[in-house]
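Below are the chains, spelled out letter by letter.
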Amino acid sequence: MTILVISALLFCTGIVGFCLRRNAVLMFIFSELMVLGAVVASVGYALLWAEEKGQILGLVLLTTAACEAAMALLIIGRIYRTKRTLDIKLLSSRGEQEE
């Protein structure tokens, strides 16, 4: 049961961090923390119920998160190269000015 509390704490920390930060990289890191909380919950339920399916789901989720991380970091890098900032508020206001 402790592992489910840990997963809930990871997920809630990710939500709070995502909502409070304006930097694109930090928002990405906190979204990955939410995914990690879901993976820990999946593996925790698998251990609790003695099922292998939850562990397989955890492995699939981690693989998907790794692919997502690679693509997101590439996109964030491209945005930084062109705009020279990663502040979400500045990026959204620049988009309105250019129109």
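What you are looking at is a predicted structure, and each value in this text was computed from that prediction instead of being measured. (Residues numbered from 1 in each chain as written. Predicted model: local features only at pLDDT ≥ 70, side-chain atom pairs only at ≥ 80, totals over all residues. Heavy atoms only, no water.)

Colleague: I tried to follow the overall build of the chain on my own but got confused; where do I start?
Modeller: Scanning the chain for helices and strands turns up 4 helices and 0 strands. Here the C-alpha radius of gyration of the chain, 17 Å, is well above what a compact globule of 99 residues would show, namely 13 Å. Projected onto its principal axes, the C-alpha coordinates of the chain cover approximately 55 × 25 × 20 Å. Burial statistics for the chain: of 99 residues in total, 28% are counted as buried. Taking all contacts inside the chain whose residues are at least 6 apart in sequence as the whole, residues at least 24 apart take part in 48%. Of the side-chain charges in the chain, 9 are positive and 8 negative, and the distance between the mean point of each set is 10 Å. (Helix = DSSP H or I, 4+ residues; strand = E, 2+ residues; numbered from the N terminus. Rg over C-alpha atoms; globule rule 2.2 N^0.38 Å. Buried < 20%, exposed > 50% of the residue type's maximum accessible area, 1.4 Å probe, protein only. Contact = heavy atoms within 4.5 Å. Lys, Arg positive; Asp, Glu negative; His and termini not counted. Charge placed at Lys NZ, Arg CZ, Asp CG, Glu CD.)

Colleague: So what exactly am I meant to see when it comes to the environment of S7 here?
Modeller: Along the polypeptide, S7 turns up in helix α1 (residues 2-20). Taking the C-alpha atoms as reference points, S7 and A38, separated by 31 residues in sequence, lie 6.7 Å from one another. Not counting residues within four places of it along the chain, the set of residues in contact with S7 comprises G37, V40 and A41. At 2.7 Å, the side chain of S7 and the backbone oxygen of L4 are in polar contact. (Polar contact = N/O pair within 3.5 Å; in protein donor to acceptor, adjacent residues only side chain to side chain.)

Colleague: How do you make sense of helix α3 (residues 53-83) when you look at a structure like this?
Modeller: In an α-helix, one turn spans 3.6 residues; hence positions three or four apart end up facing the same way. When the terminal C-alpha atoms of α3 are compared, their 44 Å separation across 31 residues agrees well with the 45 Å that a helix rising 1.5 Å per residue should span. Along α3, the residues that are buried comprise G54, G58, A65, A69, A72 and I76. Contact partners of the buried residues in α3: α2 (24-49). Positive phi appears at R84, one or two residues downstream of α3, with a value of about 60°. (Expected span 1.5 Å × (residues − 1).)

Colleague: Got a minute to help me understand the nonpolar core in this structure?
Modeller: Proteins that are soluble and globular tend to have nonpolar side chains buried together. Among the nonpolar cores identified, the biggest contains 6 residues, and these are A24, F28, A69, A72, I76 and L86. Of all the elements in the fold, those that place two or more residues in this core are α2 and α3. Element by element, the count of residues in this core is highest for α3, at 3 residues. Sequence-distant contacts of I76, defined by excluding residues within four places in its chain, comprise A24, V25, F28 and L86. (Core = buried A, V, L, I, M, F, W, Y, C linked by side-chain atoms within 4.5 Å.)

Colleague: What is the right way to look at the packing of α1 against α2 in this model?
Modeller: Packed helices, taken two at a time, are described by their axes: the angle between them and the distance between them. Where α1 meets α2, the closest approach of the two axes is 8 Å, and the angle between their N-to-C directions is 165°. One element, α1, and the other, α2, form an angle in the roughly antiparallel class. Of the two possible hands of crossing, α1 and α2 adopt the one that is left-handed. Counting all contacts with α1, which are made through I3, L4, S7, L10, F11, T13, G14, I15, G17 and F18, the residues of α2 involved are M27, F30, S31, L33, M34, L36, G37, V40, A41, G44, Y45 and L48. Looking at the contact of α1 with α2 residue by residue, the classes come out as 15 nonpolar, 7 polar and no charged. (Axes fitted to C-alpha atoms, helices over the stretch in contact; angles between N-to-C directions. Parallel < 35°, antiparallel > 145°, perpendicular 65-115°, else oblique. Left-handed = near helix turned anticlockwise from the far one by under 90°. Nonpolar A, V, L, I, M, F, W, Y, C, P; charged D, E, K, R; others polar.)

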